[in-house]
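These are the residues of each chain, in order.
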Amino acid sequence: MITAIVLIKTSVDRIPEIAESIAALDSVSEVFSVTGSYDLIAMVRVGRHEDLAEIIPNRISKIPGVAATDTHVAFRTYSQHDLEAAFAIGLDS
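The rules behind the values
- Residues numbered from 1 in each chain as written.
- Predicted model: local features only at pLDDT ≥ 70, side-chain atom pairs only at ≥ 80, totals over all residues.
- Heavy atoms only, no water.
- Core = buried A, V, L, I, M, F, W, Y, C linked by side-chain atoms within 4.5 Å.
- Buried < 20%, exposed > 50% of the residue type's maximum accessible area, 1.4 Å probe, protein only.
- Helix = DSSP H or I, 4+ residues; strand = E, 2+ residues; numbered from the N terminus.
- Contact = heavy atoms within 4.5 Å.
- Expected span 1.5 Å × (residues − 1).
- Arc of directions from axis to C-beta.
- Salt bridge = Lys/Arg side-chain N within 4 Å of Asp/Glu carboxyl O.

Undergrad: Summarise the nonpolar core; cite the residues concerned and give the values.
TA: The biggest cluster of nonpolar side chains holds 20 residues, and the ones touching the most others in it are Ile8, Ile22, Val44, Leu52, Ile55 and Ile60. Elements represented by at least two residues in this core include exactly strand S1 (2-10), helix H1 (15-23), strand S3 (40-46) and helix H2 (49-60). Those residues within four positions of isoleucine 60 in sequence are excluded, and the remaining contacts are Ile8, Ile22, Leu25, Val28, Val44, Ile55, Val66 and Thr69.

Here it is, written out as structure tokens:
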């Protein structure tokens with residue numbers, strides 16, 4: 001499995017709609033709205049490097065409101081922590 005971390009700049013007034021459109025794509029496992037110079041981060045997981053060429057420039061980048069992407073391909077995974085637990089803010093206590 002190949003994992004790509006895609007940093008995404010969007011139209012700020014449409015972040016929720018754009019995030020939902022990206023999250024609905026087959027190879028996208030999570031989308032986070034974040035602070036900083038990017039608006040969203042998408043985790044893309046595919047079987048082949050060629051699949052990245054389909055999902056990122058041909059699908060994510062063409063969603064209305066997506067202004068730019070910056071893609072980072074992961075070499076290794078060093079932790080198997082549950083992402084939900086890693087990003088939990090303690091609202092369930």
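Moving on, there is more to tell.
Undergrad: A description of the side chain of threonine 10 should follow, citing residues and the corresponding values.
TA: Topologically, threonine 10 is positioned in strand S1. Exposure remark for threonine 10: the relative accessible area of 8% places this residue in the buried category. The contacts of threonine 10, once residues within four sequence positions are left out, are Ile15, Ile18, Asp39, Leu40, Gly65 and Ala67.

Undergrad: Report on H2, specifying residues and quantitative values.
TA: Taking 1.5 Å per residue, 12 residues should reach 16 Å; H2 reaches 16 Å between its end C-alpha atoms and fits that length. Within the sequence span of H2, burial applies to Leu52, Ile55, Ile56 and Ile60. Along the axis of H2, the buried positions cluster into a sector of 85°, meaning they face one direction only. For H2, the secondary structure elements touched by its buried residues are S1, H1, strand S2 (28-33), S3 and strand S4 (66-73).

Undergrad: Account for the side chain of threonine 3, naming residues and giving values.
TA: Among the secondary structure elements, threonine 3 is positioned in strand S1. With relative accessibility at 13%, the residue threonine 3 sits in the buried group. Every residue in contact with threonine 3, bar those within four places of it in the chain, is listed here: Met43, Val44, Arg45, His72, Val73 and Ala74.

Undergrad: Can you tell me about the pattern of salt bridges, naming the residues and giving the values?
TA: For side chains bearing opposite charge, pairing can occur when the charged atoms are close. The full count for this structure, using the stated rule, is 3 salt bridges. Put simply, glutamate 30 and arginine 45 hold a salt bridge, and the shortest N to O gap is 3.1 Å. Of this pair, glutamate 30 sits in strand S2 while arginine 45 sits in strand S3; the two residues are 15 residues apart in sequence, bridging distant segments of the chain. Here glutamate 30 falls in the partly exposed class, since its relative accessible area comes to 23%. Between aspartate 51 and arginine 48 there is a salt bridge, and its shortest N-O distance comes to 2.9 Å. Connected through shared salt-bridge partners, Arg48, Glu50 and Asp51 make up one network.

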